[in-house]
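Listed below are the residues making up each chain.
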Amino acid sequence: MKAYWIALYKRIDSQENIKNYGSKVTEIIKSYGGKPLVRGGKFKTLEGETYPRTVIWEFPSHEQAMKCHDSKEYQDGWALAKDTTERNLQIIEGFSTE
């Protein structure tokens, strides 16, 4: 069953840090089977809080998504932005109605 990283960015204090983070981790995430679905872009908040940035990655499985997040390579990349960024990050398993 596919799984998804859903990141809702509440605060980004350094555009340079978030850009460096993105540049470093994109290939790392892809190496775990991650496929980018949403990365910023045009949006409209219809209910609830507004987040300035949303990022969604699709993974082949929950296990692969967790391995990626917990990897030293990813954590080293996240260290570039974590002190200047506040986000909610969930890893959630998909479902099928079939």
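Just so you know, these numbers come straight off a predicted model, no measurement behind them.

1. Describing the overall build of the protein chain
So, point 1. When you go through the protein chain residue by residue, the secondary structure sums to three helices and four strands.
So, point 2. Its helices and strands taken in sequence order, the protein chain reads β-α-β-β-α-α-β from the N to the C terminus.
So, point 3. Computed over the C-alpha atoms, the radius of gyration of the protein chain is 14 Å, within 12% of the 13 Å expected from 2.2 N^0.38 for a compact globule of 98 residues.
So, point 4. For the protein chain, the proportion of its 98 residues judged to be buried stands at 33%.
So, point 5. In the protein chain, of all internal contacts separated by at least 6 residues, the share reaching a separation of at least 24 is 80%.
So, point 6. Taken as two groups, the 15 positive and 14 negative side-chain charges of the protein chain have centres that lie 6 Å from each other.

2. Considerations on the pattern of salt bridges
So, point 1. By the definition in use, this model includes six salt bridges.
So, point 2. Here aspartate 13 ties to arginine 11 by a salt bridge, and the two come within 2.2 Å at their closest N and O atoms.
So, point 3. You can call aspartate 13 exposed: its relative accessible area is 52%.
So, point 4. Residue classification places arginine 11 among the partly exposed positions, given a relative accessible area of 30%.
So, point 5. Linking lysine 30 and glutamate 27 is a salt bridge whose minimum nitrogen-to-oxygen distance equals 3.8 Å. Of this pair, lysine 30 and glutamate 27 both sit in helix 1 (residues 15-31), three residues apart, which is roughly one turn of that helix.

3. Considerations on helix 1
So, point 1. In this model, helix 1 (17 residues) spans 25 Å end to end at C-alpha, consistent with the 24 Å of a helix rising 1.5 Å per residue.
So, point 2. Looking at the packing, one finds that the buried side of helix 1 touches strand 1 (3-12), strand 2 (35-39), strand 3 (53-59), helix 2 (62-70), helix 3 (72-78) and strand 4 (85-93).

4. Some words on the packing of aromatic side chains
So, point 1. By the definition in use, this model includes four aromatic pairs.
So, point 2. Aromatic pair tryptophan 5 and tyrosine 74: ring centres 5.0 Å apart, planes at 75 degrees, arrangement edge-to-face. You can see tryptophan 5 sitting in strand 1 and its partner tyrosine 74 sitting in helix 3, a full 69 residues away along the chain.
So, point 3. According to the relative accessible area criterion, tryptophan 5 is buried, its value standing at 2%.
So, point 4. What makes tyrosine 74 buried here is its relative accessible area of 0%.
So, point 5. Residues tyrosine 21 and tyrosine 74 carry aromatic rings whose centres are separated by 6.1 Å and whose planes lie at 75 degrees to one another, so their mutual orientation is edge-to-face.

5. Describing the environment of glutamate 27
So, point 1. Residue glutamate 27 is classed as exposed on the basis of its relative accessible area of 53%.
So, point 2. Taking the C-alpha atoms as reference, glutamate 27 lies 9.8 Å from tyrosine 74; in sequence the two are 47 residues apart.

Rules and cut-offs
- Residues numbered from 1 in each chain as written.
- Predicted model: local features only at pLDDT ≥ 70, side-chain atom pairs only at ≥ 80, totals over all residues.
- Heavy atoms only, no water.
- Helix = DSSP H or I, 4+ residues; strand = E, 2+ residues; numbered from the N terminus.
- Rg over C-alpha atoms; globule rule 2.2 N^0.38 Å.
- Buried < 20%, exposed > 50% of the residue type's maximum accessible area, 1.4 Å probe, protein only.
- Contact = heavy atoms within 4.5 Å.
- Lys, Arg positive; Asp, Glu negative; His and termini not counted.
- Charge placed at Lys NZ, Arg CZ, Asp CG, Glu CD.
- Salt bridge = Lys/Arg side-chain N within 4 Å of Asp/Glu carboxyl O.
- Expected span 1.5 Å × (residues − 1).
- Phe/Tyr/Trp six-rings, centres within 6.5 Å; stacked < 30°, edge-to-face > 60°.

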